Amino acid sequence: MILTINGITVEAQTGQTILQAARTHGIFIPTLCYHSQTGPTGKCRMCLVEVVGMRGLQTSCTIEVAEGMVVTTESEALTAARRLVVDLLLASGKHDCLSCEKSGACELQDAAYRLGIERPSFPVEEVEPTDESSEFVYFERQKCIKCGRCIAGCNAVVVNEVLDFAHRGAETKVVCDNDVPMAESTCVQCGQCVQLCPTGALIDKKARGKGRVWELDKVNTTCPYCGVGCQMTLLVDRGRNRIARVTARQVAPNRGTLCVKGRYAYEFPSSPNRLTHPQVRKNGRLENVSWDEALDYTADRIKTIVQRDGPDVFSAFGSGRITNENNYAIQKFTRAVIGTNNVDHCART
Amino acid sequence: MKNSVPKIATRADLDRVRDAARSAPDKDVREKILVCTGGGCMAAGAKAIKTALTGELKKQGLEKEVALVETGCLGPCVVGPVLVMSKERVFYQGVAPADAAEIVQEHIVKGRIIERLAWKEGPHKTPLPLQAEIPFFKRQTKIVLRNCGVIDPNSIDDYIGHDGYQAVAQALFSMTPETVIEEMKKSGLRGRGGAGFPTHLKWAMARKSPGEVKYILCNADEGDPGAFMDRSVLEGDPHAVIEGMLIGGYAIGAHQGYVYVRAEYPLAVERLQRAIEAASERGLLGENILGSGFNFALEIRKGSGAFVCGEETALMASIEGNRGEPRPRPPYPALKGLWRRPTVLNNVETFANVPFIIARGGAAYSALGTERSKGSKVFALAGAITISGLVEVPVGTPLEDLIYEIGGGIKGGRNFKAAQIGGPSGGCIPREHIAVPLDYESLNALGAIMGSGGLVVMDESACMVDVARFFMEFVQEESCGKCVPCREGTKRMLDILNKICAGDGCPEDLALLQELGGQIKAASLCGLGQTAPNPVLSTMRHFRDEYEAHIVHKRCPAGVCAALLVYSITDACTGCGACKRACPSAAIAGSAKVKHIIDPALCIRCGACFKACKFGAVLKA
Ligand SMILES: Cc1cc2nc3c(=O)[nH]c(=O)nc-3n(C[C@H](O)[C@H](O)[C@H](O)COP(=O)(O)O)c2cc1C
Ligand code: SF4
Ligand code: SF4
Ligand code: SF4
Ligand code: SF4
Ligand code: SF4
Ligand code: FES
Ligand code: FES
């Protein structure tokens, strides 16, 4: 269907929202509470637009497009409303961007930047103390803008059902279970809430102080832990040659989610205990050897044993931590080269 | 016992029950005492009076001849407990259990009216025993409240005897859903829950919405501070609401209804529950109602008294078991409401009008009211008015008549200053507009709204800045916290108002309030935020000088804002020393029989001296 946004004719699909249609056509509408993973809620009021024939200002994230709709995304009234929202939010907590972990990747900061708001015009509120209790999630409530994305993520995306809002009005706050510290709650530390938080309220605890977002290299990769093959981005500190943080990518198969291992167990590449060479036991001691030597040694041993005891003394065990192709190669090798059907896998139950 | 109640399975059955109910009690009962058991009179001890009367009647051996009936709110709650001797409709007020003997012996046995308990009218306190003579009743037109104070809300037979359930029978047998909606259109009825949306339009939209399953809901959340008409209707005439919902359900094609009542209304819940059970038992709710083939079930859902849960989408979220938060519209409930099905939500009063409209015709209803606002409206009078209570008048009745002719004027003969109408979403009407007709259009033009009918009358002792502050505090606490402008913005407005009341206001504050108010209205998600600034904007419009007095002159003209008061002692002082003894701050000096003096530096503005002085010598300004 055809509609007009800011005088530009655009084509949109039935069921799309104005926001989606605008974004598809490169028309920018600011948002704070909308996230493609958690959907529209109409909470922040940043995405307000004017629609001819509809009374008052409308949230573009919730209104579906209609044939012939005429939409305006920029006007004095809209800027005033957006400024009010950002102004009020900046005053609702302690937004000290200078040392905030999220600075540079914060949607509230971006909004303030775009609207040219330097500091809030209201006195800054005192709010709840930070919840530092849990192992991986650092929850600085004073930066929470109550967008509800973490809650929607925890309940509807990963379905861990830990987070919710408690109280109402200006007292509204995000709580774990019945308002207990996160460490005492049923939280499984999947970090989905962190992934979705638009501000510095929910932060990966281990990443604090490990580098600003613009200093870190972003490397897309596949999680090495299991066969799901979640897509992730490593934020790498090249200078120190270490991973500072891991985030999920919004692509298949995981579409923006990760489990606690994939998201937080990322220190192993730089662990001193990690094997970096093949090793062969010589005279009762493991010694570093070349790949050629290691492979020759292994091939030789396999041949000897098969000749002596037959192929069925062998069995191969595949792993969920490697790819399908690797697992395929393992079973092929076991059947075709060794000659036994003794193949098994950790994921077979 | 339950099984012995015969079902009302056909229209003829209904007529039979009606006729029986009309004649039966009168055979050996020569007088019926209607004891008001509305919330107000209950709180004032109506139950004890009923017990005393029962005992007295027994003592005199009159229990067969005289019936004692509990009935709903009669209106003038402030003079409760009240009762009506139904034969001649003699009205007694301020009744105490000790009066039972006199009522039985004098009124019933000897047929003498007890003037002591009669209504007192005018400066000479002329007793007016007959309800028909009392101006408070005379000027009213009761449609919604037609049965309140007339029938026993706990008796379905009494309701049927007063033509109850005749309208639904008519709708089911002589009308199509479309003609029902057409009749509603003729009536011109607009929703009484606040926004005044034409009821027939809402019904027609839901009827047209595709879907097998539809719902009809009744809003009895009644969150307006000071409003109690919905409670009174449910307490006094629950079957009228059930009947209205049945007709609405038939019109839109719904077979399930819910009444959302706040749990703080236990009596309303109890009576409604009993009414639903009685109607179900008799077959007026359930399957194949009156043999028409129409099915309709009704259930109560209790809310825990959050103001925002009166907002339609929040109410639905609450019924669904979710946090009571509004959701953006569109989609409108008529298309996607409760559980995403087409849904109509109407207010208690709206539904209570429906049986009248269907039985008497839309034209009979639209004969009342103004050009664009039809019918009658119930108001809950509160504040500085002589007779606070519940009244029903044709829409368009001037505010002045409501206050002076019905409500008996301002308490203590003081002067009217303003009336707040529409509660926290509404605005105030100042003295110069006291003649305003109470209809949707005229009120909107003055920056107020009809709202649900809460009407708080204020005299000169009210500070309008403080009134605005009160309502802002209310909405700020009741905001659901979902959207930013309302959650954070109302708090900022409240901060500014608190500052002004504390004497720390600056001239820029007025412009800031105006701007914030405008933006909160424009940007908020639901009606709560969209109307939250109204009391502030409206008082700023009509009483700007009062705001300026607080800000510029650091004075509260009404003498309400404690921080701005200055206490002083005039020459009327006799030097009795009462003020000096009362002052907790030792701010008053003076020796016996000599005029005392207050040291403003020590005075903490507690007002103790003002209260202590018997000579009116302490001045508060
Ligand atoms: C914050 C808020 C509170 C409301 N509270 C009530 C209420 O207590 N009772 C009511 O009937 N309507 C209330 N309303 C209006 C309802 O949303 C709705 O419009 C009404 O119940 C529809 O019924 P009507 O068309 O019969 O008026 C409220 C609206 C808002 C925005
Ligand atoms: S959360 Fe955003 S706006 Fe707040 S301090 Fe951090 S970077 Fe700044
Ligand atoms: S870490 Fe996961 S389980 Fe814990 S609160 Fe966040 S989203 Fe919920
Ligand atoms: S913690 Fe973050 S995601 Fe959750 S409500 Fe607050 S700002 Fe939104
Ligand atoms: S270990 Fe977790 S994050 Fe990694 S691929 Fe498996 S599910 Fe995904
Ligand atoms: S306007 Fe207020 S009550 Fe309504 S959704 Fe927003 S925060 Fe909640
Ligand atoms: S993005 Fe639409 S209201 Fe927040
Ligand atoms: S409750 Fe008895 S008159 Fe209102």
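Structure shown above.
What counts as what
- Residues numbered from 1 in each chain as written.
- Chains lettered and ligands numbered in written order.
- Predicted model: local features only at pLDDT ≥ 70, side-chain atom pairs only at ≥ 80, totals over all residues.
- Heavy atoms only, no water.
- Helix = DSSP H or I, 4+ residues; strand = E, 2+ residues; numbered from the N terminus.
- Rg over C-alpha atoms; globule rule 2.2 N^0.38 Å.
- Buried < 20%, exposed > 50% of the residue type's maximum accessible area, 1.4 Å probe, protein only.
- Contact = heavy atoms within 4.5 Å.
- Areas by Shrake-Rupley, 256 points an atom, 1.4 Å probe, with all protein chains shown as cover.
- Near = heavy atom within 4 Å.
- Polar contact = N/O pair within 3.5 Å; in protein donor to acceptor, adjacent residues only side chain to side chain.
- Nonpolar A, V, L, I, M, F, W, Y, C, P; charged D, E, K, R; others polar.

## Some thoughts on the overall build of chain B
Piece 1. The number of helices and strands found in chain B is 25 helices and 19 strands.
Piece 2. Since a compact globule built from 621 residues should have a radius of gyration of about 25 Å, the 27 Å found for chain B is in line with a globular shape.
Piece 3. If one aligns the C-alpha atoms of chain B with their principal axes, the spans along those axes are about 85 × 65 × 40 Å.
Piece 4. Within chain B, buried positions represent 59% of all 621 residues.
Piece 5. Looking at chain B alone, contacts between residues at least 24 apart form 70% of all its contacts between residues at least 6 apart.
Piece 6. For chain B, the exposed area adds up to about 23,600 Å²; of that, 54% sits on carbon and sulfur atoms.

## Section: the site of ligand 1
Residue and element names in this part refer to chain B.
Piece 1. Near ligand 1, the surroundings consist of 18 residues, among which Gly193, Lys202, Asn346, Asn347 and Thr350 are the closest.
Piece 2. Between glycine 310 and ligand 1, the recorded distance is 3.2 Å, taken from a backbone N or O atom to a nitrogen atom.
Piece 3. Residue threonine 350 places a side-chain N or O atom 2.7 Å away from an oxygen atom belonging to ligand 1.
Piece 4. Computed on the free molecule, ligand 1 has an accessible area of 600 Å², of which 89% lies beneath the protein chains in the complex.

## Topic: the site of ligand 4
Piece 1. The full set close to ligand 4 counts 13 residues, and Cys144(A), Cys147(A), Gly148(A), Cys150(A) and Cys197(A) are the nearest of them.
Piece 2. Among the residues forming the shell around ligand 4, the class breakdown is ten nonpolar, two polar and one charged.

## Side note on helix α13 (residues 312–319) of chain B
All names here are of chain B.
Piece 1. Across the eight residues that make up α13, a large majority, seven, are buried.
Piece 2. By the burial criterion, the buried members of α13 are Glu312, Thr313, Ala314, Leu315, Met316, Ala317 and Ile319.
Piece 3. Of the surrounding secondary structure, the elements contacted by the buried residues of α13 are β7 (215–220), β8 (256–262), β9 (297–303) and β10 (343–347).
Piece 4. A positive backbone phi angle near 95 degrees is found at glycine 321, which sits one or two residues after α13.

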